[in-house]
Amino acid sequence: MARKQVRRALDMALAALLLLQMGYQLLPEDLHAALGLGMTLAATAHLALNAGWVRTMGRGRWGAARALMTVAAGASLLLMLSLALSGLVLSGLVDALRPLDEAARAAHLSSSYLALLVLPLHAGTHLTPVLDAAIGAKGARAPRPAAILGLGAWVALACLGVYEFVTLHVWDYVTLRMPFVLPAEVPLPLYLLEHFSVMALCALLGAVLARLTRRRGPAVCSP
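Residues numbered from 1 in each chain as written. Predicted model: local features only at pLDDT ≥ 70, side-chain atom pairs only at ≥ 80, totals over all residues. Heavy atoms only, no water.

Draft legend 1. Up close: the environment of Ser91. Mapped onto the fold, Ser91 is located in helix 4 (residues 64–91). The spacing of Ser91 and Tyr113 is 22 residues in sequence and 19 Å in space, taken between C-alpha atoms. A distance of 3.3 Å separates a polar atom in the side chain of Ser91 from the backbone nitrogen of Leu93. (Helix = DSSP H or I, 4+ residues; strand = E, 2+ residues; numbered from the N terminus. Polar contact = N/O pair within 3.5 Å; in protein donor to acceptor, adjacent residues only side chain to side chain.)

So, in structure tokens, the structure goes:
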């Protein structure tokens with residue numbers, strides 16, 4: 001039980017840190033670097049707590065649900081590595097890496113916005129119980145008003161996320177089709193809410209995909 005609580009706390013910390021990192025233009029640069037280090041350490045601890053999953057990758061049957069979780073987890077790991085390494089180059093702590101600044105800046109921007117999509121999707125693959133509780137799925141308890149209201153709020157936020165995905169130019173930043181531009185005079189709380197709605201959209205997508213694929217094969221927990 002304690003291990004599960006630690007995992008949950010780490011997941012919440014990673015989500016909060018990812019969201020705060022998206023507002024780096026509105027925060028002191030030193031704070032952005034410190035939060036990035038914290039996010040890297042939290043991700044490392046998260047992976048360490050799920051080391052058992054890595055050891056079992058070669059065992060058992062592979063179904064659609066397990067494949068989805070594995071791809072999402074692997075992509076999340078690669079993005080965290082990209083963010084950590086490009087962040088190290090941009091920090092200027094290692095003079096020998098300065099010639100890589102331009103490439104690191106592009107990688108950091110693209111990876112940041114791709115992480116905004118992939119990390120919540122990965123988290124969403126573990127949130128199918130939330131859907132089950134709200135819709136009264138077979139084997140789950142009868143839907144409670146709080147669960148239904150929670151799912152309604154999640155869906156509403158995800159709908160906002162569709163709009164913000166376009167207006168924030170998320171995919172343009174992922175593909176480096178445009179340089180980063182901070183909207184003029186945007187308050188930090190509103191800026192974070194906009195990005196949080198995109199995270200909610202991707203988490204909902206992950207939960208729905210996990211629930212659909214769960215019917216087609218065995219699901220094995222992933223980090």
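Draft legend 2. Highlighting the nonpolar core. Core analysis: the biggest nonpolar cluster contains 35 residues, and Leu18, Met39, Tyr113, Leu116, Leu119 and Val170 have the highest contact counts within it. Only helix 1 (2–21), helix 2 (29–49), helix 4, helix 5 (101–124), helix 8 (170–174) and helix 9 (188–214) provide two or more residues apiece to this core. Here the element with the most residues in this core is helix 5; it accounts for 8 residues. The contacts of Leu116, once residues within four sequence positions are left out, are Leu18, Met22, Val170, His195, Val198, Met199 and Cys202. Counting residues in hydrophobic clusters, the runner-up holds 10 residues, among them Leu131, Ala134, Trp154 and Ala203. (Core = buried A, V, L, I, M, F, W, Y, C linked by side-chain atoms within 4.5 Å. Buried < 20%, exposed > 50% of the residue type's maximum accessible area, 1.4 Å probe, protein only. Contact = heavy atoms within 4.5 Å.)

Draft legend 3. Fine view of helix 6 (residues 128–135). Along helix 6, the residues classified as buried are Thr128, Leu131, Asp132 and Ala134. Its buried side turned inward, helix 6 meets helix 5, helix 7 (145–167) and helix 9.

Draft legend 4. Structural detail: the environment of Ala72. Along the chain, the position of Ala72 falls in helix 4. Its relative accessible area of 5% is what places Ala72 among the buried residues. As for Ala72 and Leu119, which are separated by 47 residues in sequence, their C-alpha atoms are 7.7 Å apart. Excluding residues within four positions of it along the chain, Ala72 makes contact with Val118, Leu121 and His122.

Draft legend 5. Here's a closer look at the packing of helix 4 against helix 5. Their axes nearest at 8 Å, the elements helix 4 and helix 5 cross at an angle of 150 degrees. Taken together, the axes of helix 4 and helix 5 are roughly antiparallel relative to one another. Every pair of crossing elements has a handedness; the one defined by helix 4 and helix 5 is left-handed. Class assignment of the residues belonging to the contact of helix 4 with helix 5 gives a composition of 15 nonpolar, 8 polar and 2 charged. (Axes fitted to C-alpha atoms, helices over the stretch in contact; angles between N-to-C directions. Parallel < 35°, antiparallel > 145°, perpendicular 65-115°, else oblique. Left-handed = near helix turned anticlockwise from the far one by under 90°. Nonpolar A, V, L, I, M, F, W, Y, C, P; charged D, E, K, R; others polar.)

Draft legend 6. Broad picture of the pattern of salt bridges. According to the stated counting rule, one finds 2 salt bridges in the structure shown. Two residues, Arg98 and Asp95, come together in a salt bridge whose shortest N-O distance is 3.2 Å. Take Arg98: its relative accessible area is 43%, and that puts it in the partly exposed class. Since its relative accessible area comes to 55%, Asp95 is described here as exposed. The salt bridge partner of Arg177 is Asp172, with a shortest N-O separation of 3.0 Å. On the basis of relative accessibility, which here comes to 59%, the residue Arg177 falls in the exposed class. (Salt bridge = Lys/Arg side-chain N within 4 Å of Asp/Glu carboxyl O.)

Draft legend 7. View of the packing of helix 4 against helix 9. The N-to-C vectors of helix 4 and helix 9 enclose an angle of 150 degrees; their axes lie 7 Å apart at closest approach. On the basis of the axis angle, helix 4 is roughly antiparallel to helix 9. Note on element contacts: helix 9 touches helix 4 through Leu209, Ala210, Thr213 and Arg214, opposite Ala64, Ala65 and Leu68. Here the residues of the contact of helix 4 with helix 9 sort into 5 nonpolar, 1 polar and 1 charged.

Draft legend 8. Structural context of the packing of aromatic side chains. Tallied over the full model, the rule gives 4 aromatic pairs. Arranged with centres 4.8 Å apart and planes meeting at 50 degrees, the rings of Tyr113 and Tyr173 form a pair that is tilted. Residue Tyr113 is located in helix 5, and its partner Tyr173 is located in helix 8; the two are separated by 60 residues in the primary sequence. We note that Tyr113, like Tyr173, is buried. For the ring pair Tyr173 and Phe180, a centre distance of 5.4 Å and an interplane angle of 45 degrees mean the geometry is tilted. In terms of burial, Tyr173 and Phe180 fall into one category: buried. Joined through ring pairs, the aromatic side chains of Tyr24, Tyr113, Tyr173 and Phe180 make up one cluster. (Phe/Tyr/Trp six-rings, centres within 6.5 Å; stacked < 30°, edge-to-face > 60°.)

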